[in-house]
Amino acid sequence: MDTGQAMALFGHLYGNGLRGNYFEIRTLPQRRQVFTRDIRQAVNSLRGVSGPTNVHFGLCPRLEHSGKEASTSSLPAVFVDFDFKDYALGRAEVEHKIGRMDMKPTAVVGSGNGFHAYWRLHNAPAFRTDEDRNFAKGVLAGFSEEVGGDPAAARITGCPRVPGSLNHKKDTPKAVEIVSLDDGAWYDYGDFTAFYAD
């Protein structure tokens, strides 16, 4: 487990802190969940990961020790999962698509079978009500549809893969690794709200 890559992505997404909320690390198939208010502690918990373990993190910080929708507290980044199998030319087609975007992701992680793309938000919108959560869900769904992402992954409860780990979904493990990361790039939530879809 390359914890340096994990720290790089988490620092990129949560550079403004967790606002007192919890960060979740989830491992499968063990179904182990770690909740902490300290990103470095979360990364340290990964040092002993070995064997056929898939490592994920809760993109939206949690209000409590729960991965349920009602526990999500804010949206640090807009997230889209591009699955290579959904494209005739696979990875090359997805790379071309991202390269032609006017709004380029601030970070891209190769998940082993696709790309996890992030557009980090300068002022991560807080979820004060269920209406806030429902609106964020609509924004993620609408933007994912607009750019050709996997609709099943457009969720505020989503748990993307942690870079530096291995994808054990198939027989041959594949590296999960950072493809690109721009620490100078930010977006505003308002840049995405027009994509809202029911």
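As shown above, the structure is provided for reference.
What you see is a predicted model; the values in this text were computed from it and never measured.

Analysis parameters
Residues numbered from 1 in each chain as written. Predicted model: local features only at pLDDT ≥ 70, side-chain atom pairs only at ≥ 80, totals over all residues. Heavy atoms only, no water. Helix = DSSP H or I, 4+ residues; strand = E, 2+ residues; numbered from the N terminus. Contact = heavy atoms within 4.5 Å. Buried < 20%, exposed > 50% of the residue type's maximum accessible area, 1.4 Å probe, protein only. Pairing = 2+ DSSP bridges. Axes fitted to C-alpha atoms, helices over the stretch in contact; angles between N-to-C directions. Salt bridge = Lys/Arg side-chain N within 4 Å of Asp/Glu carboxyl O. Disulfide = S-S within 2.5 Å. Core = buried A, V, L, I, M, F, W, Y, C linked by side-chain atoms within 4.5 Å. Phe/Tyr/Trp six-rings, centres within 6.5 Å; stacked < 30°, edge-to-face > 60°. Lys NZ or Arg CZ within 6 Å of the ring centre and 35° of its normal.

S.K.: Summarise the side chain of T3; cite the residues concerned and give the values.
M.R.: Along the chain, T3 falls in helix 1 (residues 3–13). Filtering out sequence-adjacent residues up to four positions away, T3 remains in contact with V43, L46 and R47.

S.K.: How would you sum up the side chain of T27? Please name residues and give values.
M.R.: You can see T27 is positioned in strand 1 (residues 23–28). The exposure class assigned to T27 is buried, which follows from its relative accessible area of 6%. Beyond its immediate stretch of four places on either side in the chain, T27 contacts R32, T53, N54 and V55.

S.K.: Can you break down the sheet that holds strand 4 (residues 77–83) residue by residue, with the values?
M.R.: In space, the four strands of this open sheet follow the order 4-6-5-9, with antiparallel pairing throughout. Across the chains shown, the open sheet's two edge strands, defined by having one partner strand only, are strand 4 and strand 9 (177–181). Taking the axes of each pair of neighbouring strands and ignoring which way they run, one obtains an average angle of 20° across the sheet. Pairing of strand 4 with strand 6 (residues 114–120) involves seven bridges; the strand directions are antiparallel. Among the inter-strand pairings, V78 is bridged to a residue of strand 6, identified as W119. Lying over the sheet, helix 3 (residues 91–99) contacts strand 4, strand 6 and strand 9, oriented at roughly 15° with respect to strand 6. Here helix 4 (residues 130–147) sits on the sheet in contact with strand 4 and strand 6, set at roughly 40° to strand 4.

S.K.: Can you tell me about the pattern of salt bridges, naming the residues and giving the values?
M.R.: When the charged atoms of two side chains with opposite charge come close together, those side chains can pair. Across all of its chains, the model carries seven salt bridges by this definition. A salt bridge links K85 to D86; the nearest nitrogen and oxygen atoms lie 3.6 Å apart. Assessed through its relative accessible area of 46%, D86 is described here as partly exposed. The partner of E95 in a salt bridge is R91, with the nearest N and O atoms 3.0 Å apart. Highlighted residues: E95 and R91, both in helix 3, separated by four residues, approximately one helical turn. Among the charged side chains, a salt-bridge network with shared partners connects E24, R26 and R62.

S.K.: Give me the lowdown on the state of the cysteines, citing residues and values where you can.
M.R.: Following the criterion strictly, the structure yields zero disulfides and no others. Here C159 stays unpaired: no disulfide links it, and the sulfur of C60, its closest cysteine neighbor, is 9.4 Å away. Under the relative-accessibility criterion, C159 is labelled buried at 19%.

S.K.: Can you tell me about the nonpolar core, naming the residues and giving the values?
M.R.: By size, the foremost hydrophobic cluster in this structure holds 26 residues, and its most contacted members are L75, F82, W119 and F192. Elements that contribute at least two residues to this core include exactly strand 4, helix 3, strand 6 and helix 4. Tallying contributions element by element places helix 4 first for this core, with five residues. Those residues in contact with F82 that sit more than four places away from it in its chain are Y87, V94, K97, I98, M101, G114, F115, A117, W119, V147, G148 and G149. In this structure, L18, V34, V55 and A77 belong to the second largest nonpolar core, which totals 24 residues.

S.K.: Tell me about the pairing of strand 6, and name the residues and values.
M.R.: If a strand is regular, its side chains alternate between the two faces of the sheet. Among the seven residues in strand 6, seven count as buried, and that is most of the element. By the alternation rule, side chains of strand 6 split into G114, H116, Y118 and R120 and F115, A117 and W119, which are all buried. With four bridges joining them, strand 5 (residues 107–110) and strand 6 adopt antiparallel strand pairing. Looking at strand 6, one finds that V109 is bridged to H116. Taken together, strand 5 and the strand that follows it, strand 6, pair antiparallel across an intervening segment of three residues, in which G112 is found at a positive phi of about 110°.

S.K.: Could you give me a rundown of the packing of aromatic side chains, with the residues and numbers involved?
M.R.: All told, the structure shown has 13 aromatic pairs when counted by the stated rule. For the ring pair F57 and Y118, a centre distance of 6.4 Å and an interplane angle of 25° mean the geometry is stacked. A residue pair is termed long-range when its members are at least 10 positions apart, and F57 in strand 3 (residues 54–57) and Y118 in strand 6 qualify at 61 residues. Neither residue differs from the other here; F57 and Y118 are each classed as buried. Clustering of aromatic rings is evident, with ring pairs tying together F10, Y14, F23, F57, F79 and Y118. Note that R120 overlies the ring of W186, its terminal NZ or CZ placed 3.6 Å from the centroid.

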